[in-house]
Amino acid sequence: EAGVAQSPRYKIIEKRQSVAFWCNPISGHATLYWYQQILGQGPKLLIQFQNNGVVDDSQLPKDRFSAERLKGVDSTLKIQPAKLEDSAVYLCASSLEGAGQRQENYGYTFGSGTRLTVV
Amino acid sequence: RKEVEQDPGPFNVPEGATVAFNCTYSNSASQSFFWYRQDCRKEPKLLMSVYSSGNEDGRFTAQLNRASQYISLLIRDSKLSDSATYLCVANTGGFKTIFGAGTRLFVKA
């Protein structure tokens, strides 16, 4: 099966500019996640969608970050304006778990990520 | 205190050695657990789920100790290709999943 697709792979922008990342999850996966991974740290959840609804965005810096998942399939994550500390890898992941289903040990499948450098 | 804590390492072991990593979690409501492997500049990949009864997959064995709130990963007969960062993951129901910062392993010839 096709994996989680992300683009672009790399992005370099100046601080205060805006940037957008795109993710297409594995077909049939109800749940989509955006993670931020700063060098030397584990991935940190930014936002979780189930179909096209937001399940958890408690760690999303909403003053500058936004995300949407229209039609419950692909998703975009936007940063506006970017700060130096936003330099990180932005990982998209998807999983089978969905509303009403028993929590299964499926784990996630991650995309290859977008490496963002803010200068 | 971090919700999921791991020894960052690095662990430097010779080929053929047995190495074990522990990971502690603070939320007793955590329900499911995983180990992920992450190679340098790559995305994390699911290594194995961790079941209450413990589980084994080839050279890898995962254990869960709910009373002490930790999970472990044992790698037997280490290979050079096992060199990577191993991420511990705890999931509290309600879809809240926390990743540890990872333990780095270097296997040397």
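Residues numbered from 1 in each chain as written. Chains lettered and ligands numbered in written order. Predicted model: local features only at pLDDT ≥ 70, side-chain atom pairs only at ≥ 80, totals over all residues. Heavy atoms only, no water.

Engineer: Got a minute to help me understand the interface of chain B and chain A in this structure?
Structural biologist: The parts lose accessible area when they come together, and the size of an interface is often stated as this lost area. Contacts between the two partners involve 17 residues from chain B and, on the opposite side, 21 residues from chain A. In total, chain B and chain A occlude about 1,700 Å² of area from one another, counting both sides; carbon and sulfur atoms represent 50% of this. Between the two partners, chain B and chain A, sit zero salt bridges. If you look at where chain B meets chain A, you find three residue pairs in polar contact (both at pLDDT 80 or more). Elements with a contribution of two residues or more to the side of chain B that touches chain A: strand S4 (30–38), strand S5 (45–50), strand S9 (84–92) and strand S10 (96–99) of chain B. Considering only residue class, the side of chain B that touches chain A consists of nine nonpolar, six polar and two charged. (Contact = heavy atoms within 4.5 Å. Buried area = accessible area lost by both parts, 1.4 Å probe. Salt bridge = Lys/Arg side-chain N within 4 Å of Asp/Glu carboxyl O. Polar contact = N/O pair within 3.5 Å; in protein donor to acceptor, adjacent residues only side chain to side chain. Helix = DSSP H or I, 4+ residues; strand = E, 2+ residues; numbered from the N terminus. Nonpolar A, V, L, I, M, F, W, Y, C, P; charged D, E, K, R; others polar.)

Engineer: Just checking my understanding: could you explain the side chain of Gln6(B) for this structure?
Structural biologist: Residue and element names in this part refer to chain B. Mapped onto the secondary structure, Gln-6 falls in strand S1 (residues 4–6). Looking at Gln-6, its side chain comes within polar contact range of the main-chain oxygen of Tyr-86, at 2.8 Å. There is a polar contact of 2.9 Å between the side chain of Gln-6 and the backbone nitrogen of Cys-88. The residues contacting Gln-6, other than those within four sequence positions of it, are Asn-22, Cys-23, Trp-35, Tyr-86, Leu-87, Cys-88, Gly-100, Ala-101, Gly-102 and Thr-103.

Engineer: Mind showing me how you'd approach empty space enclosed by the protein here?
Structural biologist: Residue and element names in this part refer to chain B. The final tally for this structure, using the stated rule, is two cavities of 30 Å³ or more. As for the second largest cavity, its lining consists of Glu-3, Val-4, Tyr-25, Ser-26, Asn-27, Ser-30, Ala-90, Thr-92 and Ile-98. Split by residue class, the lining of the second largest cavity holds four nonpolar, four polar and one charged. (1 Å grid on protein atoms, 1.4 Å probe; cavity = no way out; pocket = protein on both sides within 12 Å on 5 of 7 lines; lining within 4 Å. Points joined across faces, edges and corners; volume = space filled by probe spheres on them.)

Engineer: For this particular structure, what's the right way to read the sheet that holds strand S3 (residues 19–25) of chain B?
Structural biologist: Within a sheet, adjacent strands bond to each other through the backbone by hydrogen bonds, running parallel or antiparallel. Residues and elements named next belong to chain B. The antiparallel open sheet is built from five strands, whose spatial order is S1-S3-S8-S7-S6. Each edge of the sheet is formed by a strand with only one pairing partner; in this case those strands are S1 and strand S6 (55–57). Within this sheet the neighbouring strands show an average axis-to-axis angle of 20°, counted without direction. (Pairing = 2+ DSSP bridges. Axes fitted to C-alpha atoms, helices over the stretch in contact; angles between N-to-C directions.)

Engineer: Just checking my understanding: could you explain the environment of Ala30(A) for this structure?
Structural biologist: As for its position among the elements, Ala30(A) is in the loop between strand S3 (19–24) and strand S4 (31–37). Along the primary structure Ala30(A) and Ser95(A) are separated by 65 residues, whereas in three dimensions their C-alpha atoms are 6.7 Å apart.

Engineer: I'm lost on the state of the cysteines in this one. Help?
Structural biologist: Put plainly, two cysteines are in a disulfide when a covalent bond ties their sulfur atoms together. Per the stated rule, a full pass over the model turns up two disulfides over all chains. Across the disulfide, Cys23(A) is cross-linked to Cys92(A) (sulfur-sulfur distance 1.9 Å). Measuring the twist about the S-S bond at about -65°, one finds the Cys23(A)-Cys92(A) disulfide to be left-handed. On the criterion of sequence distance, the pair formed by Cys23(A) in strand S3 and Cys92(A) in strand S9 (residues 88–95) is long-range, its members being 69 residues apart. According to the relative accessible area criterion, Cys23(A) is buried, its value standing at 0%. Through a disulfide, Cys23(B) is tied to Cys88(B); the S-S separation comes to 1.9 Å. Between Cys23(B) and Cys88(B) the sulfur-sulfur dihedral comes to about -70°; the bridge is accordingly left-handed. (Disulfide = S-S within 2.5 Å. Buried < 20%, exposed > 50% of the residue type's maximum accessible area, 1.4 Å probe, protein only.)

Engineer: For this particular structure, what's the right way to read the layout of surface pockets?
Structural biologist: Rolled over the atoms, a probe sized like a water molecule indicates the empty space that remains. For the largest pocket, the calculated volume is near 820 Å³. Lining the largest pocket are 32 residues, with Leu39(A), Gly40(A), Gln38(B), Cys40(B) and Arg41(B) positioned closest to its centre. Elements with a minimum of two residues in the lining of the largest pocket: S9 and strand S11 (114–118) of chain A together with S9 and strand S11 (103–108) of chain B. Broken down by element, the lining of the largest pocket gets its largest block of residues, four residues, from S11(A). If you add up the space inside the second largest pocket, you get close to 350 Å³. Surrounding the second largest pocket, 17 residues form its lining, Gly42(A), Pro43(A), Lys44(A), Ile98(B) and Phe99(B) being those nearest its centre. Secondary-structure elements contributing two or more residues to the lining of the second largest pocket are strand S5 (44–50) of chain A together with S10 of chain B. Top element by residues in the lining of the second largest pocket is S10(B). It accounts for four residues. Classifying every residue of the lining of the second largest pocket gives seven nonpolar, six polar and four charged.

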